[in-house]
Amino acid sequence: MLGQMMQQPLLISSLLVHAERHHGEREIVSRRVEGDIHRYTYRELAARARRMANALTGLGLAMSERVATLAWNGYRHLELYYAVSGSGAVLHTLNPRLHPEQIVYIADHAEDQVLFFDLSFLPLIAAVAGRTKTVRHWVAMCARAHLPADAAGIPGLLCYEDLIEANHDRYDWPVFDENSASSLCYTSGTTGNPKGVLYSHRSTLLHTYAAALPDALNCSANDAILPVVPMFHVNAWGLPYVGCMTGAKLVFPGPALDGKSLYELFESEQVTVSAGVPTVWQGLLAHVQANGLKFSSMKRTVIGGSACPPAMLRTFGDEFGVHVLHAWGMTEMSPLGTVCSLKPRHLQMDAQARYAVMSKQGRAVYGVDMKIVDESGAELPFGSETSGELLVRGPWIVDQYFKGEGGNPLRVDAAGHGWFPTGDVATIDADGYMHITDRSKDVIKSGGEWIGSIDLENIAMAHPAVAMAACIAAHHPKWDERPLLVVVKKPGAEVTKAELLAFFEGKVAKWWVPDDVAFVDAIPLGATGKMQKNRLREQFKDYALPTA
Ligand code: ADP
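Everything in this summary refers to the structure shown in the same document. (Residues numbered from 1 in each chain as written. Predicted model: local features only at pLDDT ≥ 70, side-chain atom pairs only at ≥ 80, totals over all residues. Heavy atoms only, no water.)

1. Brief notes about helix α1 (residues 12-23)
An α-helical turn contains 3.6 residues, so a residue and the one three or four places further along point in the same direction.
Here is step 1: In this model, α1 (12 residues) spans 16 Å end to end at C-alpha, consistent with the 16 Å of a helix rising 1.5 Å per residue.
Here is step 2: Where α1 is concerned, the buried positions are I12, S13, L15, L16, A19 and H23. With its buried residues spanning 155 degrees around the axis, α1 presents them on a single face.
Here is step 3: In this fold, the buried residues of α1 make contact with α2 (42-58), α3 (75-86), β8 (181-186), α7 (201-212) and α8 (239-246). (Helix = DSSP H or I, 4+ residues; strand = E, 2+ residues; numbered from the N terminus. Expected span 1.5 Å × (residues − 1). Buried < 20%, exposed > 50% of the residue type's maximum accessible area, 1.4 Å probe, protein only. Arc of directions from axis to C-beta. Contact = heavy atoms within 4.5 Å.)

Rendered as structure tokens:
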């Protein structure tokens, strides 16, 4: 017997319709590429998204065709999130930090038909415009008055505000299968060619429900959310959709991601929730500490994308009263997998024990099932001390990559369920809190035993003289690999190798303590702000560790 409830496909356009009807007056504030602050409401967002949907129809865009963006976080990008997916096309957010070669490769692979770009990326567009195979229209996201003269050389160039003005705001969002593709993100491709992850309307809506929950990103109509995480990095972790679902105020930082600009926006817009990768918060904290500032409205910040150093958790908590929600996910997971929200028994703990829990990546959000397995593929029980490979499954987790790239990524268990291997190595405690010890390709294998590089980096980052630390495997004649700590010192700070190594004493097993420290001016960061350890390993591949 079937249930007798209404069948309504879960479509992204329904989020916008809801926001306009129930939160029409709520504000969306953006720092623009043009330099000023722009503000309008969800009602205006909805009307302009409908105009843009009409414009896309006018450009001859068919269902499921890809529309690319190269843009910062801002209201026009948000309009495209809804206009493109809502009208049945697929929003493909390109990462502007990639090399032009990679952008051409990805745009060709995705067969992008239209590419919208912020003016800051004009040089990049000039470099790729003559080389992509499928892009028919290039749209500068500005008013005609702001279009620089040298943009004229781009073939098929259009102006965003012209399209908005030329089109009507009457548009009926089409109704189609909720399993239709809605948006496309490519993995950063730290190894091999980037692979596309094609989200559906259904997966996006389910992910949005889960992300907004109190024990996940905890967002409500009373919040003002500032996503620092870019809208080109896994859909800003879903926050542009959470905004419409909850009616929270949205605040977009545009291109200004330095500590000073972010702080000003946090304060002027009374932001309560934010989200970003650890490297961004370093800049913000440095600015706030150097100037003796406080946050007057910030309550929570979500930190993920790479491990949040425990020292950062404590600084936010103890000095600024900002609760850090450590979260973990992947492009392949829309991205949310776990969030480190506490359970009642953690609230009874002393601060030190509580911070130890909070520095884990957290427990699974409903909708994500996860397990760790040993080398034979057997599941390790929650609470076992041993780490294993982390596998996940769920309705917003990739089933296959776009165009079948790389073959079938899933591993099938005895019950016939497909699991996605995350490439992360983790433990899961008895309460179900997952803790990543490494990515499998970054693990250091010393005498056949694994050493988790993230723990060692976290310890180093707690040293007052250390700005950034990466721990990589260096070749060792006896143990095969031993940890080498690569360190960037804080400006003006001094510390010796011996002092740093002594700092590890009593904090980890003796054989985990790195063998040596190399001081560098900078650690290479990838397009999403993560340390590129593969490049460091290449740089230090002939490094001679002290063998005495
Ligand atoms: P890429 O895999 O190309 O770097 P993603 O942005 O999808 O692109 O990165 C996902 C990976 O980032 C995860 O598999 C994990 O290794 C790492 N990661 C994400 N969040 C965390 C976190 N909180 N702690 C440690 N690692 C994290």
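From this point, the narrative continues.
2. Regarding the packing of helix α10 (residues 278-290) against helix α11 (residues 310-320)
Here is step 1: At a closest axis distance of 11 Å, the pairing of α10 and α11 adopts a crossing angle of 35 degrees. Once α10 is placed against α11, the crossing between them reads as left-handed. Here P278, W281, Q282, L285, V288 and Q289 of α10 come into contact with α11, specifically with M312, T315, F316, E319 and F320.
Here is step 2: Residue classes in the contact of α10 with α11 are distributed as seven nonpolar, three polar and one charged. (Axes fitted to C-alpha atoms, helices over the stretch in contact; angles between N-to-C directions. Left-handed = near helix turned anticlockwise from the far one by under 90°. Nonpolar A, V, L, I, M, F, W, Y, C, P; charged D, E, K, R; others polar.)

3. Topic: the sheet that holds strand β12 (residues 273-276)
Here is step 1: An order of β2-β1-β11-β10-β12-β13-β14-β15-β16 is seen for the nine strands of this open sheet, with the pairing classed as mixed. Each end of this open sheet is capped by a strand with a single partner; those strands are β2 (37-41) and β16 (363-364).
Here is step 2: Taken together, the five bridges between strand β1 (residues 27-31) and β2 define a ladder with antiparallel strand orientation. In the sheet register, R31 faces β2, and the bridge partner there is I37.
Here is step 3: Running over the sheet, α2 touches β1, β2 and β11 (249-252) and is turned about 90 degrees from β2. (Pairing = 2+ DSSP bridges.)

4. So, the pattern of salt bridges
Here is step 1: All told, the structure shown has 32 salt bridges when counted by the stated rule.
Here is step 2: R43 is the partner of E25 in a salt bridge, and the nearest nitrogen-oxygen pair spans 2.3 Å. Taken together, the residues span a long stretch of sequence, with E25 in the loop between α1 and β1 and R43 in helix α2 at a distance of 18 residues.
Here is step 3: The exposed category is assigned to E25, whose relative accessible area is 59%.
Here is step 4: Through salt bridges with shared partners, a single network forms among R32, E34, D36, R48, R76, E79 and E161. (Salt bridge = Lys/Arg side-chain N within 4 Å of Asp/Glu carboxyl O.)

5. A closer look at the side chain of S341
Here is step 1: Take S341: it is sitting in the loop between β15 (336-339) and α12 (344-347).
Here is step 2: At a separation of 2.4 Å, a polar atom in the side chain of S341 contacts the main-chain carbonyl oxygen of D215.
Here is step 3: Contact partners of S341, with chain neighbours within four places excluded, come to D215, A216, L325, R363 and Y433. (Polar contact = N/O pair within 3.5 Å; in protein donor to acceptor, adjacent residues only side chain to side chain.)

6. Observations regarding the packing of aromatic side chains
Here is step 1: Scanning all chains against the criterion turns up 14 aromatic pairs.
Here is step 2: For the ring pair F116 and Y160, a centre distance of 6.0 Å and an interplane angle of 75 degrees mean the geometry is edge-to-face. One end of the pair, F116, is in strand β5 (residues 112-117); the other, Y160, is in helix α6 (residues 160-166), with 44 residues separating them in the sequence. With respect to class, F116 is no different from Y160; both count as buried. (Phe/Tyr/Trp six-rings, centres within 6.5 Å; stacked < 30°, edge-to-face > 60°.)

7. A look at the nonpolar core
Here is step 1: By size, the foremost hydrophobic cluster in this structure holds 118 residues, and its most contacted members are M52, Y82, F116, F266, W281, F295 and F316.
Here is step 2: Broken down by element, this core gets its largest block of residues, eight residues, from α2.
Here is step 3: Sequence-distant contacts of F116, defined by excluding residues within four places in its chain, comprise M52, L56, V67, A68, T69, L70, L80, V139, M141 and Y160.
Here is step 4: Within the second largest apolar cluster, 32 residues are counted, among which are V90, L119, L124 and W138. (Core = buried A, V, L, I, M, F, W, Y, C linked by side-chain atoms within 4.5 Å.)

8. What to know about unusual backbone geometry
Here is step 1: Each neighbour pair has its own omega, and for S334 with P335 the value is 10 degrees, a cis peptide bond.
Here is step 2: Mapped onto the fold, P335 is located in the loop between β14 (323-329) and β15.
Here is step 3: Positive phi values are uncommon outside glycine, yet N218 reaches one of about 55 degrees.
Here is step 4: Relative to the helices and strands, N218 is located in the loop between α7 and β10 (224-227).
Here is step 5: Of note in the backbone geometry, S334 takes a positive phi value of approximately 75 degrees without being a glycine.
Here is step 6: With respect to the helices, strands and loops of the structure, S334 is situated in the loop between β14 and β15.

Interpretation note: all reported values are geometric properties and have no functional meaning in isolation.
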